[in-house]
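Listed below are the residues making up each chain.
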Amino acid sequence: QVQLVESGGGLVQPGGSLRLSCAASGRTFRSYTMGWFRQAPGKEREFVAAISRSGGNTYYPDSVKGRFTISRDNAKNTVYLQMNYLKHEDTAVYLCSGRSSQWIATMTHQYDYWGQGTQVTVSS
């Protein structure tokens, strides 16, 4: 069992940057593949990024590739999402997720654990 708590959301202007953090409880964090998803009002949850257990492999959809970077610090039980060149359409609740598998995944049902989310609003 792992508990996930996101932080770092807020209001930012278009073109700006934010760094989200997700702190995980427990001593088995390094055994989880981690992901970030987002959900805007009235829309389905959308995959944003994923990272392997060691951090050596990452994956992004085209919508954020080149702008977002996922990373992790296994010593601190934390995964990060650096978001640059933010757009209005990036506005959403961002959720951290974890799965007890070595394989990166992009579908919500493939993840076992979820945080409560942190709001990101991109507006001028």
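Residues numbered from 1 in each chain as written. Predicted model: local features only at pLDDT ≥ 70, side-chain atom pairs only at ≥ 80, totals over all residues. Heavy atoms only, no water.

Draft legend 1. Expanded view of the nonpolar core. Within the largest apolar cluster, 29 residues are counted, with the highest numbers of intra-cluster contacts made by W36, V79, L81, M83 and Y94. For Y94, the contacting residues outside a window of four places in its chain are E6, L20, W36, F37, R38, V48, F68, L81, M83, G117, T118 and V120. (Core = buried A, V, L, I, M, F, W, Y, C linked by side-chain atoms within 4.5 Å. Buried < 20%, exposed > 50% of the residue type's maximum accessible area, 1.4 Å probe, protein only. Contact = heavy atoms within 4.5 Å.)

Draft legend 2. Seen up close, the sheet that holds strand β8 (residues 78–83). Read across the sheet, four strands follow the order β1-β3-β8-β7 without closing on themselves; strand pairing throughout is antiparallel. Across the chains shown, the open sheet's two edge strands, defined by having one partner strand only, are β1 (4–7) and β7 (68–73). Ignoring which end each strand starts from, the neighbouring axes of this sheet average 15 degrees apart. Here β7 runs beside β8; their pairing, made up of six bridges, is antiparallel. (Pairing = 2+ DSSP bridges. Helix = DSSP H or I, 4+ residues; strand = E, 2+ residues; numbered from the N terminus. Axes fitted to C-alpha atoms, helices over the stretch in contact; angles between N-to-C directions.)

Draft legend 3. Focus on the packing of aromatic side chains. Within the structure shown, the criterion is met by six aromatic pairs. Ring-pair connections join several aromatic residues into one group, and the members of that group are F37, F47, Y59, Y111 and W114. We note R19 situated over the ring of Y80; from NZ or CZ to the ring centre the distance is 4.0 Å. (Phe/Tyr/Trp six-rings, centres within 6.5 Å; stacked < 30°, edge-to-face > 60°. Lys NZ or Arg CZ within 6 Å of the ring centre and 35° of its normal.)

Remember that the coordinates give geometry; whether it matters functionally is a separate question.
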